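# Coordinate inspection notes
Read off the chains here:
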Amino acid sequence: MKLVHKMTGLLVVSASAVLMGYGYLTVGREEAMLEQSVASDALLTARVMRRSFLKEYKSEGRDSAFKLMDYASASDEKVKFKILSLPEERSGETLHAPALDHAQIKSLEDGRQVLVISANPPLLQVYLPVVLPNEPPMALLLEESLLREREHVALSEVHVVIATMTLVLLMGTISFVVGSKIVGQPINLLTEKARRVGQGDLSGPLELSQSDEIGELAQAMNRMCEDLARETDRRLEALEQLRHAERLATVGQLASGIAHELGTPLNVVLGRAMMSAAATDNPDLVAENSQIIVEQTERMASIIRQLLDFARRGVTATAPADLRDIVRQLVELLKPLANEAHVRLGVDFSPSEAKALVNASQIEQALTNLVVNAIHAVPEGGEVHLRVEVAGACPPGELQVVTPHVRVTIEDEGGGISEEALPRLFEPFFTTKDVGRGTGLGLPIAHGIVDDHGGWIQVESELGRGSRFSVYLPQIEGATA
């Protein structure tokens, strides 16, 4: 709604400025016209009174003329008349001197009229020259109060302010209501949709009935989500195919070790079968040999089943799983490869649950890639050590509160990784192995799988002293350390 507030505020300020400016000009023009009208009427009245004064002076004498002026002043509280002497008060006379400057007095002496309007108090003064024989230069003064006119102008100003405030309030209300309906609500829906898209939720098209630019934006966002959904499905499918191909490549690496592992029980089965065939007259020996054959056959079946399970495409669903169980199964699967390479596999487990919300098949593949790399890096007689525990951690590069994570550490006694190669470890097709021994996809796939689960892989290595890969996965709620 911030945009609506800004639009409403801008409209209110603009409308206020326009209406106040128009009102100011209107009141000013009305005031000027009123003053001009009053001044015109006052000037006409002053001329009539001067003519009457001169006529009375000539016909009835000086005293009668002055009494006429006094009578005219007394008959109207708003208008006063006076006869002034020019250029200054004369001794022995009852005339008043004008409160004018030298230039104004000179204008009266030259026979021109003078008009003065004062603001405090509001007063209009009209001076007309009066010329009489045997009399010093005089002037007729008409004073008219402009208080009513000022009150009228002030009332007009109040009306303008009230009308402006009413119009501005009305326009602001209409703008806010209409803006909220046409702009605010659709923008909020678009913002929420964009936030959900940023979080990976591409479902639920945005339905807006508007046919304006905002409606077109909503349609474009819906089309974008559809395109992203299709592209995401294609990417996930390609990624799953790549991961499956890497699993098959790992199966190929395990095949030689498993073949070697199957050789011993096969020899046992063969030998016991031959002993049973020769001991037809000894039922106890036949029974013992049959039991050993069954045990060795089950062992071979278990090895083959583990290999097939690992090679099979995994489902994409996640579920709570204890990483200790996944690592146990992983160690059993990789023992033949480790034995063939004459490498020991050591395991330490946390005494408490190490549960995380994972796709067990994918996590097993990621850990397998790391352990296979460690086995290849260790010379004969060396050891690869796995450790599963719960530890507090936060994602690298982020300032967050430390939260409990399940940490799986794979540590080897190999030759280590150079500083130049460390930044490129998770680049596709980058490998430090000999030609034909690595695809360069194991670590990137492991990194992608762990990242999909909200975790990360931390690498520590030193040339000549081995490497340590630590896989961090968020511990699920309810799990205890």
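Below is a short write-up of the structure. No experiment lies behind these values; they were computed from the predicted model shown. (Residues numbered from 1 in each chain as written. Predicted model: local features only at pLDDT ≥ 70, side-chain atom pairs only at ≥ 80, totals over all residues. Heavy atoms only, no water.)

## Topic: the packing of helix H7 (residues 323-340) against helix H8 (residues 360-377)
The N-to-C vectors of H7 and H8 enclose an angle of 40 degrees; their axes lie 10 Å apart at closest approach. Compared by their axis directions, H7 and H8 come out oblique. For the pair H7 and H8, the sense of crossing is right-handed. Within the contact between the two elements, H7 uses Leu323, Ile326, Val327, Gln329, Leu330, Leu333, Leu334, Leu337 and Ala338 and H8 uses Ala360, Ile363, Glu364, Leu367, Thr368, Val371, Val372 and Ile375. When its residues are assigned to classes, the contact of H7 with H8 shows 14 nonpolar, 2 polar and 1 charged. (Axes fitted to C-alpha atoms, helices over the stretch in contact; angles between N-to-C directions. Helix = DSSP H or I, 4+ residues; strand = E, 2+ residues; numbered from the N terminus. Parallel < 35°, antiparallel > 145°, perpendicular 65-115°, else oblique. Left-handed = near helix turned anticlockwise from the far one by under 90°. Contact = heavy atoms within 4.5 Å. Nonpolar A, V, L, I, M, F, W, Y, C, P; charged D, E, K, R; others polar.)

## Remarks on helix H9 (residues 442-452)
By the criterion of burial, H9 is predominantly enclosed, with 8 of the 11 residues buried. Considered for burial, the residues of H9 that qualify are Gly442, Leu443, Pro444, Ile445, Ala446, Gly448, Ile449 and Val450. Of the residues trailing H9, Gly454 is marked for its positive phi of about 80 degrees. (Buried < 20%, exposed > 50% of the residue type's maximum accessible area, 1.4 Å probe, protein only.)

## What to know about the pairing of strand S1 (residues 79-85)
Along any regular strand, the residues point their side chains to alternate faces of the sheet. Along S1, 5 of the 7 residues are buried, which leaves the element largely enclosed by surrounding structure. Both S1 and strand S4 (residues 138-145) contribute to a ladder of 7 bridges, which runs antiparallel. Looking across to S4, one finds that Phe81 is bridged to Leu142. (Pairing = 2+ DSSP bridges.)

## Brief notes about the side chain of Glu149
Mapping Glu149 onto the fold places it in helix H4 (residues 147-198). What makes Glu149 buried here is its relative accessible area of 13%. If near-sequence neighbours (up to four positions away) are discounted, Glu149 is found in contact with Leu34, Val38 and Lys78.

## Examining the pattern of salt bridges
Within this structure, the stated rule accounts for 13 salt bridges. In this structure, the salt-bridge partner of Glu389 is Arg387, at a minimum N-O distance of 3.5 Å. Owing to a relative accessible area of 25%, Arg387 belongs among the partly exposed residues under this scheme. Between Arg468 and Glu411 there is a salt bridge whose closest N-O contact spans 3.1 Å. With Arg468 in strand S11 (residues 466-474) and Glu411 in strand S9 (residues 403-412), the pair connects residues that are 57 residues apart, well separated along the chain. Arg468 gets classed as partly exposed once you look at its relative accessible area, which sits at 27%. Judged by its relative accessible area of 28%, Glu411 is partly exposed. Salt bridges here are not isolated pairs; linked through shared partners, they connect Glu31, Glu35 and Arg150. (Salt bridge = Lys/Arg side-chain N within 4 Å of Asp/Glu carboxyl O.)

Function cannot be read off these values alone, since they describe shape.
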